[in-house]
Amino acid sequence: MATTLQFRQALRVGPPGDIWHKPALSAVATLGVLNLTLLALGRLDLALYTSAGGLGALYGHGLPYRARARTLAGVLLGTVLSTAAALTAAALTRDAVVLVAVAAGLAALHKLGCDAARIGPPGSLIITFTSASCAFVPQRPADLPPHLALTALGAALAWLVGMAPALLRPYGPDRIATARALEAAARLARSAPGTPDAAARTALVGAVDAARQSLALSSPTRWRALGDAPERLLVHAESALAAPAGPAAESTTESAAESAAAAAERYTAWARDLRRGRPLPLLDLTEAEAAELRAHRPGPRPSLRQALRPGSALLPIGLRVAVGCAAAGWLSLAFGVGRPYWAVVTAASVFQANSTLSWQRALQRVLGNLIGLAVFTAVLPLAHSGQPAMIGLGLLCQFGAEATIARSYWLATVFVTPMALLMTEFAGLQPARTLVADRWLDTCVGALTGLAACLLVTNRRTATRLSRALTGAETATREARAAAAAAADAAVGSEAAAVRGGLATALLELREAADAATGEWRRPALPHQRTADAEQHAHHLLAVLLERRGARP
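Residues numbered from 1 in each chain as written. Predicted model: local features only at pLDDT ≥ 70, side-chain atom pairs only at ≥ 80, totals over all residues. Heavy atoms only, no water.

Peer 1: Please provide a residue-by-residue account of the overall build of the protein, values included.
Peer 2: Across its full length, the protein carries 23 helices and zero strands. For the protein, the C-alpha radius of gyration of 25 Å lies close to 24 Å, the compact-globule estimate for 553 residues. Taking all 553 residues of the protein together, the buried fraction comes to 50%. Residue pairs at least 24 apart in sequence account for 83% of intrachain contacts in the protein once pairs closer than 6 positions are excluded. Carbon together with sulfur atoms contributes 64% to the accessible area of the protein, which is approximately 24,200 Å² in total. (Helix = DSSP H or I, 4+ residues; strand = E, 2+ residues; numbered from the N terminus. Rg over C-alpha atoms; globule rule 2.2 N^0.38 Å. Buried < 20%, exposed > 50% of the residue type's maximum accessible area, 1.4 Å probe, protein only. Contact = heavy atoms within 4.5 Å. Areas by Shrake-Rupley, 256 points an atom, 1.4 Å probe, with all protein chains shown as cover.)

Peer 1: Requested: an account of the nonpolar core, with residues and values cited.
Peer 2: Judged by nonpolar contacts, the single largest core of 68 residues is most densely connected at Y59, F129, F136, C325 and F426. The leading source of residues in this core is helix α5 (residues 96–116), at eight residues. Among all residues touching F129, those that are not within four sequence positions of it are Y341, W342, V345, A420 and M423. Counting residues in hydrophobic clusters, the runner-up holds 57 residues, among them A484, L503, L510 and A534. (Core = buried A, V, L, I, M, F, W, Y, C linked by side-chain atoms within 4.5 Å.)

Peer 1: Please provide a residue-by-residue account of the packing of helix α9 (residues 198–217) against helix α11 (residues 229–238), values included.
Peer 2: Packed helix pairs are characterised by how far apart their axes lie and by the angle those axes make with each other. Between α9 and α11, whose axes approach to 10 Å, the crossing angle comes to 170 degrees. As summarised for this structure, α9 and α11 are arranged roughly antiparallel, according to the angle between their axes. Both α9 and α11 take part in a crossing whose hand is left-handed. When α9 is examined against α11, the residues L204, V208, A211, R212 and L215 are found in contact with a partner set consisting of P230, E231, L234, V235, A237 and E238. Classifying every residue of the contact of α9 with α11 gives eight nonpolar, no polar and three charged. (Axes fitted to C-alpha atoms, helices over the stretch in contact; angles between N-to-C directions. Parallel < 35°, antiparallel > 145°, perpendicular 65-115°, else oblique. Left-handed = near helix turned anticlockwise from the far one by under 90°. Nonpolar A, V, L, I, M, F, W, Y, C, P; charged D, E, K, R; others polar.)

Peer 1: Describe the packing of aromatic side chains, naming the residues involved and giving the relevant values.
Peer 2: The tally for this structure, following the rule as stated, stands at four aromatic pairs. Here the aromatic rings of Y341 and W342 are separated by 6.2 Å at their centres, their planes lie at 85 degrees, and the arrangement is edge-to-face. Like Y341, the residue W342 is buried in the burial classification. One aromatic cluster is present, formed by F129, Y341 and W342 through successive ring pairs. A cation over a ring is seen here: R361 above Y409, with NZ or CZ 3.8 Å from the ring centre. (Phe/Tyr/Trp six-rings, centres within 6.5 Å; stacked < 30°, edge-to-face > 60°. Lys NZ or Arg CZ within 6 Å of the ring centre and 35° of its normal.)

Peer 1: So what's going on with the side chain of R232? Residues and values would help.
Peer 2: With respect to the helices, strands and loops of the structure, R232 is situated in helix α11. In this structure R232 comes out as buried when scored by relative accessible area, which is 19%. When neighbours within four sequence positions are excluded, R232 is seen to be in contact with L282, L283, D284, L285 and L293.

Peer 1: A description of the state of the cysteines should follow, citing residues and the corresponding values.
Peer 2: Counted by the stated rule, this structure contains zero disulfides. Free of any disulfide, C444 has its nearest cysteine sulfur in C325, 16 Å distant. C454 takes part in no disulfide bond, and the closest cysteine sulfur to it belongs to C325, at a distance of 11 Å. The exposure class of C454 is buried, given its relative accessible area of 2%. (Disulfide = S-S within 2.5 Å.)

Peer 1: Describe in detail the confidence of the model for the protein, supporting the description with residues and values.
Peer 2: In this model, the protein carries a mean pLDDT of 87, and residues with pLDDT of at least 70 account for 92%. Looking over the protein, one finds the lowest element-wise mean pLDDT in helix α14 (residues 304–307), namely 70, and the highest in helix α7 (residues 144–163), namely 97. (pLDDT = per-residue confidence, 0-100.)

Structure (structure tokens):
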């Protein structure tokens, strides 16, 4: 039964993402301009190098534009540097064993860098795909400068396309982040009284924290356009946490349930107005809420150095990537595949936050690739009818991948596989049977070696991280209990906001650490009951502090 449930969970198709069209259209616009330009010049064989930079248009769509500009620049600079390393290796040696080692090392660096910086989807996989592909394309040293210039050109266009929506909706990401918090508040308000709602409460805490971080990163000119209306909406969204939690919710009266339903409708209406760009209401606040709003400052995010400090739970995952990708590439070579970049990329795609998620990703990858290879075989006659058709099919697959990636990874891989194979056809037509057979072999090898690396390279640091998070949550709970015991007029302003913010941050870290540790193989016993008790106490104290602040039901 457990195995069947895990299979169903891995293959479940969820709802679409709320902004899926943004990366989809950005990627199609960027790659379309690049590929059609190369087609007009008669040099479509150079599409790999421009696409390496152009695929950066997939990143940063959830960030305010000021933060997006920096994040996109960092990702694109890393892409250009990785492409330079891969092309240099290809120019210096034709030894496939060495090239596999280079691609595996780059994949590990990409994974560590993107996870530590919390880059978000699509993470390190796109950079790994492009650099691994470039590592196995024969190069001459004299070709390196023009090929890198093409990558930089694609990256520059990706940056411009990613920033272009700021001309139409300069505060769109701020509105979307606030709307997500309000929608999370509506889901919590609609939850049935007396049922376990810890997940919904934690989701709301995370959504409010993410929205406040987004607003803090926004341009200072937002205040002239929107004022503090988004922050006031977040105060009202957070007030949904003041509702009773756990057993206390069982005594909820019918009138309170009706009030919660009305609150859910208000949250939903405000979220709808935010997403549609309508004027924002300037909501009234209690004196305590207004005092905290003036004093509130989002806590700092962990720096890259802190995330990669000795003892970090990310380091074993980086080692898994290096070992698994290298083993996948070398085993693929042993089976006779001449350019085993697909095995390296498949292994890199398998590694997730823990072993259970890695197993699910391997299953999704294999299934998606198998169906994707069938799709590629079916559309091959049309693709071979001319280069314009090949470009059109590639862009269609790119759009389909972004349209489905939030719903299911295996479904998105159905589109990613033919798109990647069509990119290899840009440089020249290849025997279809050999191409499909090599990719299927690489998929199986990459998935199996990735899972083997998860078994061989243990990550017991997830349990250590959970222990630290548990201690931090219990400390934050004691501080919050002391604040809740203080006089009502003392529990407002900057001190109360700091205490409650510290408790919320500790709660989110505890849940993330518990999820990562629970799914890890070969780990020590975990304090499940202690973790559940700490979360329950934290949620209870958050509700008490919000009631003290004068939150509305």
